Every structure is written in C-alpha cells, then in structure tokens.
Amino acid sequence: MKNKTHFAFFDEGSKKEIRRTTLKAVAIPGYQVPFASREMPIARGWGTGGLQLTLSLIGKEDCLKVIDQGADESVNAVSIKKLVQQTTGVELTDQTEDASLIQSRHRIPEVPLTEEQILVLQVPTPEPLRDVEASEYVTKRLHAEEEYSGAWLLLFEQIMKYGKTATGADHPVYVNGRYVMAPSPIPRFDNPKMHTSKALTLLGAGREKKIYAVPPYTDVTSLAFEDYPFTVETFADQACHLCGANDVFLDELVDETTGKAYYQCNDTSYCIDRLNSQEQVEVEHHHA
Amino acid sequence: MPIDQVHDLQKVYRKLLDRMARPGKLANLQAFQEKVDYEVACHDATLLIAMTLLDGEVSFHVISENKQPVEEKIAAYTLARHASMEEADFIIVLQDATEASIIEGMATCKTGNLVDPQYSATWVMESQTPLSNQPQLLLTGPGIERQTDLHTSFAPSIWQARSEAVQEYPLGIDLIFTDDIMQIACVPRTTTVSVQEVE
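Thresholds, definitions, all that
- Residues numbered from 1 in each chain as written.
- Chains lettered and ligands numbered in written order.
- Predicted model: local features only at pLDDT ≥ 70, side-chain atom pairs only at ≥ 80, totals over all residues.
- Heavy atoms only, no water.
- Axes fitted to C-alpha atoms, helices over the stretch in contact; angles between N-to-C directions.
- Helix = DSSP H or I, 4+ residues; strand = E, 2+ residues; numbered from the N terminus.
- Parallel < 35°, antiparallel > 145°, perpendicular 65-115°, else oblique.
- Left-handed = near helix turned anticlockwise from the far one by under 90°.
- Contact = heavy atoms within 4.5 Å.
- Buried < 20%, exposed > 50% of the residue type's maximum accessible area, 1.4 Å probe, protein only.
- Polar contact = N/O pair within 3.5 Å; in protein donor to acceptor, adjacent residues only side chain to side chain.
- Buried area = accessible area lost by both parts, 1.4 Å probe.
- Salt bridge = Lys/Arg side-chain N within 4 Å of Asp/Glu carboxyl O.
- Nonpolar A, V, L, I, M, F, W, Y, C, P; charged D, E, K, R; others polar.
- Domains from an automatic or database assignment.
- Core = buried A, V, L, I, M, F, W, Y, C linked by side-chain atoms within 4.5 Å.
- Patch = residues over 30% accessible without salt bridge, like charges linked within 9 Å, V, L, I, M, F, W, Y side chains within 5 Å.
- Areas by Shrake-Rupley, 256 points an atom, 1.4 Å probe, with all protein chains shown as cover.
- 1 Å grid on protein atoms, 1.4 Å probe; cavity = no way out; pocket = protein on both sides within 12 Å on 5 of 7 lines; lining within 4 Å.
- Points joined across faces, edges and corners; volume = space filled by probe spheres on them.

Under the annotation held in an unreviewed UniProt entry, chain B carries the name Alpha-D-ribose 1-methylphosphonate 5-triphosphate synthase subunit PhnH and is attributed to Virgibacillus chiguensis.

By the naming in an unreviewed UniProt entry, chain A is Alpha-D-ribose 1-methylphosphonate 5-phosphate C-P lyase, taken from Virgibacillus chiguensis.

This is the structure we're talking about:
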C-alpha cells in the first residue's frame, strides 16, 4: 500500500522549525544557523539541505525549477523535482524567468533573477574555515570573534603554490562586511551574481545541519588581496559550440575522435533558449 | 471558515520571509481576513504570525496591560509555552502596551550571544496606527536597495531602545510589525533606523 504523503512531504512542525531558522538566517546574513535537519528520502549530501528549504517554502501556486550543475535534466535535479512534484503537485519549469522557486546545485542561472524569485542553493560544506580547523566548537568561536586569518591563509597558500588564487569553486565571500561565508560550490564566475542580487538567496546544508542566507541588495565581496584581485574564470576567445554564447560559464568537453577541446554552455536551459530563438529567426527569415 | 494550517500559513510565511528580507516593505494579509474568526484580543495579523511561527518547541511573552486572555488563547492555539521576558523566543506587544514596558523589555530580552546569535527574541509589535511608507523612520541596510521610509505608532524612545538592543551586531532583536488592517512589515537587526524630524 502506498500512503498518501502530507503536502510538501514534511509535517507542519518540521516546516515551522525550518521556517523559524530561515527567518533568523535572513536577519543575520552569512551566519550559519543550526537546524534539526530531517531524514529525507534521498541520501545526505545529495541536496537534502536545499530540498528541506524548498519544501518549507513551497505552496500550491509556486513554479519550481531545479538545476544540477547547470542542467535541468540530470539525475539529481530530476529526482528532486519528482519528489517535490509528487508531494505538492506544483508546476515545474526549466525556464529561469518562469520559476518562482529555483533550487540549484552549484550554479546561479545565467538569466538575472528578479525580486519575485527565491534561489535555494544546496551546500555540501557550509563552513569556510573547515579546511583549517576541524572542530565545529572552534570554528563557531572563530566566527564569533570575526577571526578569519584561516580563510585568508588558504588563499595565500594557493598564491604561493600556483601564483594565483586557485579555488575551483566555493571561493569564500564576506557577507554584509561581517561573516565569511561559503557560497556553496558555485564557480567564481557566479560569485558576483550574489552581490546586491535582486532575489533572496537561501543556502541549505542537510548533512551539516545548517541554513544560511543572503538577503537581496546585500554586499557580497569575494575574498582577495590588493595585489591579487579577485578574478572569475575566463574562456579566452571561446564560445559555446551550440549557441555561440561567449559571455557565460562554459564547460570544456573533449571530442573523443579528434582529441580536441570544445566548449558548451553550462546552463542548459539558457543554451536551449538561445538555440530556439535563433531557430525562430531562421524560420522567419526562410519564410519571408 | 477556519485558517488552513497548511496552505494559508505557507502563504503567510512566504510574505513574512520576503518582508524580513526586504525591511520596511509592507505586505497585506487581507486575503485571510474572513478566515480569522478567532476571538482573540489582538490584531488578526498578529494571530496569523503567531500561528505561522509558534509551536510547542518555542516560548512567548506578551506585553500588555491586560495580557492574560491573549496569552491563554495563543498558548491554546499554538501549544507554545508562556515564558518570562528574559527567556521568551517571541515577544508579542499588544496595542495597549506602555512605552516604559516596551523599553524595559528591549533591555532585558534575549539578544543571543556571539557564538549563537540566533538565540535571540523575535518581536511581534502591534502598531496603533496603520503601517505606511510615509516618512518617519528612514531605513537602510541589507535588503534595501537605497533607503526606505516606514511609519509606525512607536515613539522615538522605543526606537532608541531598539538601537541599543542591536548595537552589538550580530547580537540583537528582529521586529515584525502588524496593524489592524492586516498589514505587516519587518525590521531585522541589520537595518539601520534613523528617526526623521516630524511636525
């Protein structure tokens, strides 16, 4: 027998607890507020934090978009979408501009977000100081004392080793000039999108039991040194081999027959959108 | 028709969250007006917020000249515990609360500690006059693009007490305002409030 689940999977008590935590997170931007992360029907580390936020937020009138590394169709995105859709019956979309709620694993969409949207990011490691300090007891105190030498030292070591800051993703940011925050493993390319964003950004770490937030119109500065300023990934003179976009985050792929590298938009819905509009132009041109 | 604990309170929460993220912006809960047919001597919006946020895991404190009936009703509807000013997670200020009692409350309520700033009180404050964006208080800070105006019935001395409660950021209190035409607005601890000269 298959039991009918409650709306949005959670009992109301769980939603209330997550909602209270989220409000506190918004009031203290960048501070990781502990919460009682629930057991979910997906494994911890697979987006349970983001999923719990989404379920606490979602209502019947919402339109949900879920992306996984820029793709709407990959396994993680599809399973989360199915779970939410089956327990709420909400509309799903892959168009960024149509969504009222966007849950994302490791990308901020290329299309700028609006004031009516909420971005939920899945976070594996919410603690930016974890690489320098293993103890949660200690890192909480380092945040309390605004003692962020460790985060600076990590970047400094990268400069010593590689001649530049070499964070692949999750480059730490200062939020509202107070807390150093892990922006989740988004590429550096996406860090500037968080700065004074029009949309509210919520970050959820299910395994680590933390919720934190960046309210709209809030200063988010990537950590950098005066002589080594913050830079985003560049794709020198490369463009998407499908749609031709060159001002977006690109994936580097290798053609297996020739061994040559080629590039493709990481945000699949953005790419398809561009292709469709190009095709529209071609069709109109052809019929004219 | 009673409030739908699942879908109505979800909508209230979304408005509340959006307004907490955008301090000073007003939200209207009038869509639920007919559903709030509970005989509680507080603003309908106050009751909706209490039902959205309170349950058996948290405590609340009411500031009012005649608080007992409201305390009992809120405890009955939400199962939240009543607690002293020093311990309460939520502090509900009714319309008839005196200036002195609010100021005293802001000095004694929880503001969190540096390791756990979330252990602080959230205030739900009933404005005697309708909330509006008329000039009275000038708000700036996270969530506000440039600046925004807010008008409440609370005296400058109360805003002074609030400033003192939030001056050691990240410690502080977060305020939710309600009025009798079912509007709400929020002022979290990050917002800088300056009282404008009036009259």
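From this point, the discussion proceeds with the structure in view.
**Student:** Honestly, the packing of helix H2 (residues 48-57) of chain A against helix H3 (residues 75-88) of chain A in this entry has me stumped. Any pointers?
**Tutor:** Two packed helices can be described by the angle between their axes and the distance between those axes. Residue and element names in this part refer to chain A. Taken N-terminus to C-terminus, the directions of H2 and H3 make an angle of 25 degrees; their axes are 11 Å apart at the nearest point. On the basis of their axis angle, the class for H2 and H3 is roughly parallel. Considering the relative orientation of H2 and H3, their crossing is right-handed. Packed against H2, whose contacting residues are Leu51, Thr54 and Leu55, the element H3 presents Ile80, Leu83, Val84 and Thr87 at the interface.

**Student:** Would you mind going over helix H4 (residues 136-144) of chain A with me for this structure?
**Tutor:** Residues spaced three or four apart along an α-helix point in a common direction, a consequence of the helix completing one turn every 3.6 residues. All names here are of chain A. What H4 keeps buried is the set Thr139, Lys140, Leu142, His143 and Ala144. Structurally, H4 contributes buried residues whose contacts are with strand E1 (33-34) and strand E7 (179-181). N-cap assignment for H4: the residue whose side-chain oxygen lies 3.2 Å from the backbone N of Tyr137 is Ser135.

**Student:** Whenever I open this one, the interface of chain A and chain B confuses me. Can you help?
**Tutor:** Tallying the contact residues gives 44 residues for chain A and 40 residues for chain B. Where chain A abuts chain B, roughly 3400 Å² becomes buried across the two surfaces, and 59% of that area is made up of carbon and sulfur atoms. Summed over the three residues of chain A that lose the most area to chain B, namely Arg20, Leu23 and Tyr217 of chain A, the buried surface amounts to 19% of that side. Between the two partners, chain A and chain B, sit 6 salt bridges. One salt bridge in this structure joins Glu115 of chain A and Arg22 of chain B, with 3.9 Å as the shortest N-O distance. Linking chain A to chain B there are 20 residue pairs in polar contact (both at pLDDT 80 or more). Mapped by element, the contributors of at least two residues to the side of chain A that touches chain B are helix H1 (12-27), E1, H2, H4 and strand E8 (200-205) of chain A. No other element matches the 12 residues that H1 of chain A contributes to the side of chain A that touches chain B. Of the residues contributing to the side of chain A that touches chain B, the split by class is 21 nonpolar, 8 polar and 15 charged.

**Student:** How should the domain arrangement of chain A be read in this particular structure?
**Tutor:** It is common to report an interface's size as the accessible area lost on association of the parts. Residue and element names in this part refer to chain A. Here chain A is partitioned into domain 1 (12-126 + 181-220) and domain 2 (234-288). On a C-alpha basis, the centres of domain 1 and domain 2 stand 27 Å from each other. Taken together, the 15 residues of domain 1 in the interface contact 9 residues of domain 2. Carbon and sulfur atoms make up 49% of the surface buried where domain 1 meets domain 2, a total of about 930 Å² over both sides. Along the contact surface separating domain 1 from domain 2 lie 0 salt bridges. Scanning the region where domain 1 abuts domain 2 turns up 8 residue pairs in polar contact (both at pLDDT 80 or more).

**Student:** Even after reading the chapter, I still don't get the pattern of salt bridges, so can you show me in this structure?
**Tutor:** When their charged atoms lie close together, side chains carrying opposite charge are able to pair. Counted by the stated rule, this structure contains 26 salt bridges over all chains. Ionic pairing is found between Asp55 of chain B and Arg20 of chain A, a salt bridge with its closest N-O pair at 3.1 Å. Here Arg20 of chain A lies in helix H1 and Asp55 of chain B lies in the loop between helix H2 (44-53) and strand E2 (59-63), a pairing that spans two chains. Just as Asp55 of chain B is buried, Arg20 of chain A falls in that class too. Among the salt bridges present, the one from Arg107 of chain A reaches Asp190 of chain A, with a minimum N-O distance of 2.6 Å. One end of the pair, Arg107 of chain A, is in the loop between strand E4 (101-105) and strand E5 (118-122); the other, Asp190 of chain A, is in the loop between E7 and helix H6 (191-194), with 83 residues separating them in the sequence. Of the two residues, Arg107 of chain A and Asp190 of chain A, neither departs from the other in class, the shared state being buried.

**Student:** Whenever I open this one, the nonpolar core confuses me. Can you help?
**Tutor:** In globular proteins that are soluble, nonpolar side chains generally tend to be buried together. In this structure, Leu202 of chain A together with Leu17, Leu48 and Leu54 of chain B are the most contacted members of the largest nonpolar core, which totals 79 residues. Apart from residues no more than four positions distant in its own chain, Leu202 of chain A is found in contact with Thr22, Val26, Leu53, Leu57, Ile118, Leu119, Val120, Leu121, Tyr212 and Ala213 of chain A together with Leu17 of chain B.

**Student:** I tried to follow a nonpolar patch on the surface on my own but got confused; where do I start?
**Tutor:** There is a patch of nonpolar side chains on the surface, built from Leu153, Phe156 and Met160 of chain A and spanning about 310 Å² of accessible area. Looking at where Leu153 of chain A falls in the secondary structure, it is placed in helix H5 (residues 149-162).

**Student:** Please clarify how unusual backbone geometry should be interpreted in this entry.
**Tutor:** Negative phi characterises most residues that are not glycine, and trans characterises most peptide bonds. Here the residue pair Tyr169 of chain B and Pro170 of chain B is connected by a cis peptide bond, since its omega of 10 degrees sits within 30 degrees of zero. The phi dihedral of Ala8 of chain A falls on the positive side, at around 60 degrees, and the residue is not glycine. By the secondary structure assignment, Ala8 of chain A is in the segment before H1. Ala8 of chain A gets classed as buried once you look at its relative accessible area, which sits at 0%. Notably, Gln69 of chain A is not glycine yet its phi reads approximately 55 degrees, a positive angle. Relative to the elements of secondary structure, Gln69 of chain A occurs in the loop between strand E2 (63-68) and H3.

**Student:** Looking at this structure, I do not really get H2 of chain B. What am I missing?
**Tutor:** Extensive coverage of H2 of chain B is indicated by the burial of 9 of its 10 residues. For H2 of chain B, the set of buried residues is Ala45, Thr46, Leu47, Leu48, Ile49, Ala50, Met51, Thr52 and Leu53 of chain B.

**Student:** Can you walk me through the layout of surface pockets in this structure?
**Tutor:** Any space left empty among the atoms is revealed by the rolling of a water-sized probe across them. Its volume calculated, the largest pocket comes out at about 510 Å³. Surrounding the largest pocket, 22 residues form its lining, Asp62 of chain A together with Lys11, Arg14, Lys15 and Asp18 of chain B being those nearest its centre. Here the lining of the largest pocket takes 7 residues from helix H1 (residues 7-21) of chain B, the largest share from any one element. Counted by class, the lining of the largest pocket contains 5 nonpolar, 6 polar and 11 charged residues. Quantified by volume, the second largest pocket comes out at close to 380 Å³. The wall of the second largest pocket is formed by 19 residues, among which Arg20, Thr21 and Lys24 of chain A together with Val58 and Gln118 of chain B lie closest to the centre. For the lining of the second largest pocket, the element with the highest residue contribution is H1 of chain A, accounting for 5 residues.

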